[in-house]
Amino acid sequence: MTPSTIELIPSQEDRRIAGLAAAAIGLTLAEAAIPLPIPGIKPGLANIVTLLVLYRYGWRTAAWVAGLRIVAGALALGQFLTPTFVLSLAGGVMSLAMLAVAMHLPARWFGPVGLSLLAAFAHIGAQLWLVDVWLLPGASILGLLPLFLSAAWLTGLGNGLATTYLLGKLSPPPTESST
Amino acid sequence: MRPGDWLIAGAGVVLLAALWLRQVDSLEGQVVIRQDGQVFQTASLRLNRIIEVAGPLGISRIEIQAGRVRVAADPSPRQLCVRQGWIPSGGAAVCLPNRVSVENAAAGYDTLNY
C-alpha cells in the first residue's frame, strides 16, 4: 500500500469534539431502538451531551458536536437526506440558535433546565413549522401543537435535570482557554 | 433548578394548558369547507344552517342540521357528493367538478393524528 502523502494532524480540540460527538451519536442510536408510540416524539437524549458541552466548552464546540451527531446519526440510521434528516437538522439549528441567545441569560437565575426547555421548544417549533410549510401544507398543525409541545416540555425538563446532575458529577471544566 | 428555570417551566405549563383547552374546544364539531383547495369557511356543527359556496359550475349548498352535515345540492353532473348523504365524523365529501369539499372534522381524526 502506498503510504498516504497527506497527513492530517488532529488538534486537541478535534479529538475532544470527535469523542463528544461519538457519545452523542451513541445516545442517538440507542434511543432509536426504543419503541415509541407516536412518530416524532422521542427523548432526545443526545441533547444532554450538547448541553454539557455548551457548559464546559462553549457554544462553538456544542454546535460542532450537535452538527456531527445529526449528520452521522442520520447516516448510521439510513436517514441521511430524507425528510427525517431535514427535520432533525432544522430542529438542531433552531435549538442551537436558541441556546446561543439563552446562554447569555444570567447564570444566577437560569440553569441547564431552563436552557434545555427553551431549546426543546425551539427544536419542536422549527420542526412543526417545517412540516407545516413543506411536508404537509394545508394540514392544520395547530391540532398537533398541544401534544408535541407537551412532549417537548417533558423531554426538555428531563434532559435539563440530567444535565444538572451530570454537571455536578463532572470535575470542573479545564481553566485554560478552550473556546 | 434556579428561579428562572421555574419561570420557564411554569410559562411552559401555562402555554400547554391554554393549547389543550383550545384543542378541546376546536375538536368539538368543526366543519371545514374548501373551495378550489382554499378554506372557504370553518363552521361549527352546533349551529343549524345552509352554507352556499360558489364554484365554477354554480352554487353548492351545504346543510348543517342537528350536529350533522351533508351536501344538500350541487351542480355537479353525477351528484356523487350529494348521494353520499350525511358525512360521518372524520369523513369528507368532495364535489370535484365544482371544486368544493366538505370535511366533518368532529372526531379530530385525520392522516396526521390517526
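Basis of the calculations
Residues numbered from 1 in each chain as written. Chains lettered and ligands numbered in written order. Predicted model: local features only at pLDDT ≥ 70, side-chain atom pairs only at ≥ 80, totals over all residues. Axes fitted to C-alpha atoms, helices over the stretch in contact; angles between N-to-C directions. Helix = DSSP H or I, 4+ residues; strand = E, 2+ residues; numbered from the N terminus. Parallel < 35°, antiparallel > 145°, perpendicular 65-115°, else oblique. Left-handed = near helix turned anticlockwise from the far one by under 90°. Contact = placed C-beta atoms within 7 Å. Nonpolar A, V, L, I, M, F, W, Y, C, P; charged D, E, K, R; others polar. Core = buried A, V, L, I, M, F, W, Y, C linked by C-beta atoms within 7 Å. Buried ≥ 20, exposed ≤ 12 C-beta atoms within 10 Å, placed from the backbone. Expected span 1.5 Å × (residues − 1). Pairing = 2+ DSSP bridges.

We now examine the packing of helix α2 (residues 46–57) of chain A against helix α3 (residues 59–77) of chain A. All names here are of chain A. Viewed as axis vectors pointing N to C, α2 and α3 meet at an angle of 160°, and their least axial separation amounts to 7 Å. Judged by the angle between their axes, α2 and α3 are roughly antiparallel. Our pair here, α2 against α3, has a crossing hand that is right-handed. Every residue of α3 that contacts α2 at Ala46, Val49, Thr50, Val53, Leu54 and Tyr57 is listed here: Trp59, Thr61, Ala62, Val65, Ala66 and Arg69. The class makeup of the residues in the contact of α2 with α3 is nine nonpolar, two polar and one charged.

What follows deals with the interface of chain A and chain B. Often, the extent of an interface is quoted as the loss of accessible area on bringing the components together. On the side of chain B, 16 residues touch chain A, which itself brings 18 residues to the contact. Put simply, the parts of the chain that give the side of chain A that touches chain B at least two residues each are α5 (112–135) and α6 (145–169) of chain A. Broken down by element, the side of chain A that touches chain B gets its largest block of residues, six residues, from α6 of chain A.

Further remarks concern the nonpolar core. Soluble globular proteins tend to pack their nonpolar side chains together in the buried interior. In this structure, Val49, Val53, Val65, Leu117, Leu118 and Phe121 of chain A are the most contacted members of the largest nonpolar core, which totals 45 residues. For this core, the element with the highest residue contribution is α5 of chain A, accounting for 12 residues. Leaving out residues up to four positions away in the same chain, Leu117 of chain A has contacts with Trp153, Gly156, Leu157 and Gly160 of chain A together with Ile8, Ala9 and Gly12 of chain B.

What follows concerns α2 of chain A. An α-helical turn contains 3.6 residues, so any two residues separated by three or four positions project in the same direction. Residue and element names in this part refer to chain A. Here α2 contains 12 residues, and its C-alpha end-to-end distance of 16 Å stays within 8% of the 16 Å for a straight helix at 1.5 Å per residue. Among the 12 residues in α2, 11 count as buried, and that is most of the element. Along α2, the positions that sit buried rather than exposed are Ala46, Asn47, Ile48, Val49, Thr50, Leu51, Leu52, Val53, Leu54, Tyr55 and Tyr57. Turning to α2, the residues buried within the fold contact α1 (12–32), α3, α4 (83–102), α5 and α6. Downstream of α2 by a residue or two, Gly58 has a phi angle that is positive, lying close to 100°.

Residues and elements named next belong to chain B. Sheet analysis places strand β1 (residues 30–35) next to strand β2 (residues 38–44), joined by six bridges and oriented antiparallel. Among the inter-strand pairings, Gln30 is bridged to a residue of β2, identified as Ser44. With antiparallel pairing between neighbouring strands as the criterion, β1 and β2 make up a hairpin whose turn holds two residues, including Asp36 at a positive phi of roughly 60°.

Geometric descriptors of this kind do not, in isolation, establish any biological role.
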